[in-house]
Amino acid sequence: MSTFTMAPELATRADKLIRKHHTHLKEIPILYVWRDKATRAGGRLVLGKASRLTGRNAYLIGAAIGGQGELYDYEHDDDADHTRFVIEIAADVWLLLTDDNERDALLDHELSHCRLDDEGRLVLRDHDVSEFAHIVKRYGLWRDDLREFGEAVEHQLSLELESSSK
Ligand SMILES: [Zn+2]
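Let us look at the structure shown here. (Residues numbered from 1 in each chain as written. Predicted model: local features only at pLDDT ≥ 70, side-chain atom pairs only at ≥ 80, totals over all residues.)

**Structural notes on the sheet that holds strand β1 (residues 4–6)**
The sheet built from 4 strands is open, its strands ordered β1-β2-β6-β5 with mixed pairing. The open sheet is flanked by β1 and β5 (48–53), the only strands paired with a single partner. Neighbour-to-neighbour, the strand axes of the sheet open up by a mean angle of 30 degrees, direction not taken into account. Pairing between β5 and strand β6 (residues 84–90): 6 bridges, direction antiparallel. Bridge pairing in β6 links G48 to I89. In the packing of helix α4 (residues 100–112) onto the sheet, the strands contacted are β5 and β6, and the crossing angle to β5 comes to about 30 degrees. (Pairing = 2+ DSSP bridges. Helix = DSSP H or I, 4+ residues; strand = E, 2+ residues; numbered from the N terminus. Axes fitted to C-alpha atoms, helices over the stretch in contact; angles between N-to-C directions. Contact = placed C-beta atoms within 7 Å.)

Below, the structure written as C-alpha cells:
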C-alpha cells in the first residue's frame, strides 16, 4: 500500500510555476502530497496525478487546516464550494529526476490539469493528445490535435538544434 506525506517543497516550486504559467491558479487552494512509490496504470508508470477533493472530504480538510489557502471563511457561507485540487507526485520518481527542468516539467504537467470553468469552478482538464506512437508512425499527424502537438515538438527540436550548434 502507498503511504502519503504532505509536500511543502512541491508547493514552493509550484508557486513559481503558477506565477509564470498558471496565474488563474494563484488564489486556488491546492494540496501537494508525496506518494512513496509510483503506481502503474495500463502498464505505465504514473509519475504524478492531479485530482479534486470535493464535497464532504473537501469541507473536512478545509476545516481541519483552518485558514490556510482559503479565499474566505467557508464556515459562514453555506453555499461555499469547498472543492480543492490535489497534486500527488511519486517520491521515488522525483528522486530520479535530477535536473530542475525535469522536475518543473512534471509539476507543470500536473498543474496543467487544473483549470477553472466559465463559472470559476475547479475542473480537471485532460491531455492535449492521446495517441500511440506507432499510429503516428503509420498514419502521420492525421488529426488537428496531433498536428498541433507535432508543431510544438518541431519548435522544441529546432530550439535544441539551435543551441547545440552554438
Ligand atoms: Zn497528465
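And the narrative resumes.
**Structural notes on the pairing of β6**
Within β6, 7 of the 7 residues are buried, which leaves the element mostly enclosed by the surrounding structure. Residues R84, V86, E88 and A90 line one face of β6 and the alternating positions F85, I87 and I89 line the opposite face, and both faces are buried. Bridge count between strand β2 (residues 30–35) and β6: 6 bridges; the pairing is parallel. Following the sheet pairing, W34 is matched in β6 by I89. (Buried ≥ 20, exposed ≤ 12 C-beta atoms within 10 Å, placed from the backbone.)

**Points about the environment of T83**
By the secondary structure assignment, T83 is in the loop between α2 (55–65) and β6. Overall, T83 belongs to the partly exposed group, with 18 C-beta atoms counted inside 10 Å. Between the C-alpha atom of T83 and that of E151, which follows or precedes it by 68 residues, the distance is 35 Å. Not counting the four nearest positions on each side in its chain, T83 is found in contact with R52, L53, T54, A58 and L122.

On their own, these measurements won't tell you what the molecule is for.
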